[in-house]
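Structural overview for review
Chain by chain, the residues run as shown.
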Amino acid sequence: KLELAYAMRFLAFVLTPSVIGLLLFCNPVIRDLLQGGRFTAEDTQTVSLLIKIYTIVVIGGSFGEVLSRVFYALKDTRTPVKIAVVGFTLGAVIKIAVAPHWNVVGIVAATSAYYLFNALCMLFVLRQRIQGIGFPGVLRTVRDCLLGSAVASAVAFGVIATGFPFSSIPAAILAGIVYAGV
């Protein structure tokens, strides 16, 4: 139980700034790295939207990976596979249903939903199976990570606001240093 709580705290430490960074700064990063020539500002907006939706895959996939390993440690390989098959099937059906209307945005949203569904199902089953399972310190870690991410984001916004070419790169480096310091 303690190892799982540690893993959840570590994921919160790594994922919080990563997800916040993706959500807040994907436009300037994509603009700096890709925009130019045939890759237009409209393309930057489209890719940015897809990345923002896809952050749910990062969250669901990360937590799903840790939770599936708990099943393996319990010598239960079938439950995560069953959950993955159901989730994948639902995801495929949703993708087929939404693709004609929402195109690639619908496919990315369905993929994100599938990963989140899998992680939540595994968490639900584990909470039923292991009585008293908890995640001590996780909420405190999330709070601290949100605070560090807010300070780092403010610094990154300041660097990007300077308007220097490729300002997103030093902004990301400086934000990472500030986050680690906070």
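These remarks concern the structure in this document. Just so you know, these numbers come straight off a predicted model, no measurement behind them.

**Concerning the packing of aromatic side chains**
Inspection of every chain in the model, using the stated rule, returns 4 aromatic pairs. With centroids separated by 4.7 Å and ring planes inclined at 55°, the aromatic side chains of F25 and F157 adopt a geometry described as tilted. Residue F25 is found in helix α1 (residues 2-33), and its partner F157 is found in helix α4 (residues 138-161); the two are separated by 132 residues along the sequence. For F25, a relative accessible area of 9% translates into the label buried. The exposure class of F157 is partly exposed, given its relative accessible area of 43%. These aromatic residues form a ring-pair network of at least three members: F88, Y114 and Y115.

**Side note on a nonpolar patch on the surface**
There is a patch of nonpolar side chains on the surface, built from V29, L33, L34, F166, I169, I173, L174 and I177 and spanning about 730 Å² of accessible area. For the nonpolar patch, the secondary structure elements donating two or more residues are α1 and α5 (168-181). For the nonpolar patch, the element with the most residues is α5, which contributes 4 residues. Tracing the backbone through its elements, the reader meets I169 in helix α5.

**Quick look at unusual backbone geometry**
Backbone geometry at N103 places phi at a positive 55°, although glycine is not the residue there. Here N103 is to be found in helix α3 (residues 78-129). The residue F166 is not glycine, and still its phi comes out positive at about 55°. As for its position among the elements, F166 is in the loop between α4 and α5.

**A short note on the nonpolar core**
Judged by nonpolar contacts, the single largest core of 15 residues is most densely connected at L4, L67 and L126. Residue assignment for this core shows that the elements contributing at least two residues are α1, α2 (41-73) and α3. Examining the composition of this core, we find that 5 residues originate from one element, α1, more than from any other. Dropping the residues within four chain positions of it, L126 is found in contact with L67, V70, F71, L74 and I133.

**Observations regarding the environment of M122**
Structurally, M122 is set in helix α3. Separated by 57 residues in the primary sequence, M122 and E65 have C-alpha atoms spaced 9.9 Å apart. Residues contacting M122, with those up to four places away along its chain left out, are G64, L67, S68, F71, P80 and I83.

**As for the packing of α4 against α5**
Their axes nearest at 8 Å, the elements α4 and α5 cross at an angle of 150°. One finds that α4 runs roughly antiparallel with respect to α5. Where α4 crosses over α5, the two elements pack in a sense that is right-handed. Facing α4, whose interface residues are C145, G148, S149, V151, A152, V155, A156, V159 and I160, α5 presents S168, P170, A171, L174, A175, V178 and Y179. Of the residues contributing to the contact of α4 with α5, the split by class is 13 nonpolar, 3 polar and no charged.

**A short note on α3**
Taking 1.5 Å as the rise per residue, α3 with 52 residues should run 76 Å; its terminal C-alpha atoms sit only 14 Å apart, a clear shortfall. Maximum bend of α3: about 145°, positioned at W102.

**Describing the layout of surface pockets**
There is about 400 Å³ of room inside the largest pocket. What lines the largest pocket is a set of 20 residues, among which M8, I59, F63, V138 and V142 lie closest to the centre. Where the lining of the largest pocket is concerned, the elements lending two or more residues are α1, α2, α3 and α4. By residue number, the principal contributor to the lining of the largest pocket is α1, which donates 7 residues. Residue composition of the lining of the largest pocket, by class: 18 nonpolar, 2 polar and no charged. Of the voids in this model, the second largest pocket is the one considered here, and its volume is about 230 Å³. Taken together, 15 residues form the lining of the second largest pocket, with P17, G21, F25, A172 and A175 sitting closest to its centre. For the lining of the second largest pocket, the secondary structure elements donating two or more residues are α1, α4 and α5. Its residues assigned to classes, the lining of the second largest pocket shows 10 nonpolar, 5 polar and no charged.

Reading the values: the criteria
- Residues numbered from 1 in each chain as written.
- Predicted model: local features only at pLDDT ≥ 70, side-chain atom pairs only at ≥ 80, totals over all residues.
- Heavy atoms only, no water.
- Phe/Tyr/Trp six-rings, centres within 6.5 Å; stacked < 30°, edge-to-face > 60°.
- Helix = DSSP H or I, 4+ residues; strand = E, 2+ residues; numbered from the N terminus.
- Buried < 20%, exposed > 50% of the residue type's maximum accessible area, 1.4 Å probe, protein only.
- Patch = residues over 30% accessible without salt bridge, like charges linked within 9 Å, V, L, I, M, F, W, Y side chains within 5 Å.
- Areas by Shrake-Rupley, 256 points an atom, 1.4 Å probe, with all protein chains shown as cover.
- Salt bridge = Lys/Arg side-chain N within 4 Å of Asp/Glu carboxyl O.
- Core = buried A, V, L, I, M, F, W, Y, C linked by side-chain atoms within 4.5 Å.
- Contact = heavy atoms within 4.5 Å.
- Axes fitted to C-alpha atoms, helices over the stretch in contact; angles between N-to-C directions.
- Parallel < 35°, antiparallel > 145°, perpendicular 65-115°, else oblique.
- Left-handed = near helix turned anticlockwise from the far one by under 90°.
- Nonpolar A, V, L, I, M, F, W, Y, C, P; charged D, E, K, R; others polar.
- Expected span 1.5 Å × (residues − 1).
- Bend = angle between axes of the 7 residues up to and from the residue.
- 1 Å grid on protein atoms, 1.4 Å probe; cavity = no way out; pocket = protein on both sides within 12 Å on 5 of 7 lines; lining within 4 Å.
- Points joined across faces, edges and corners; volume = space filled by probe spheres on them.

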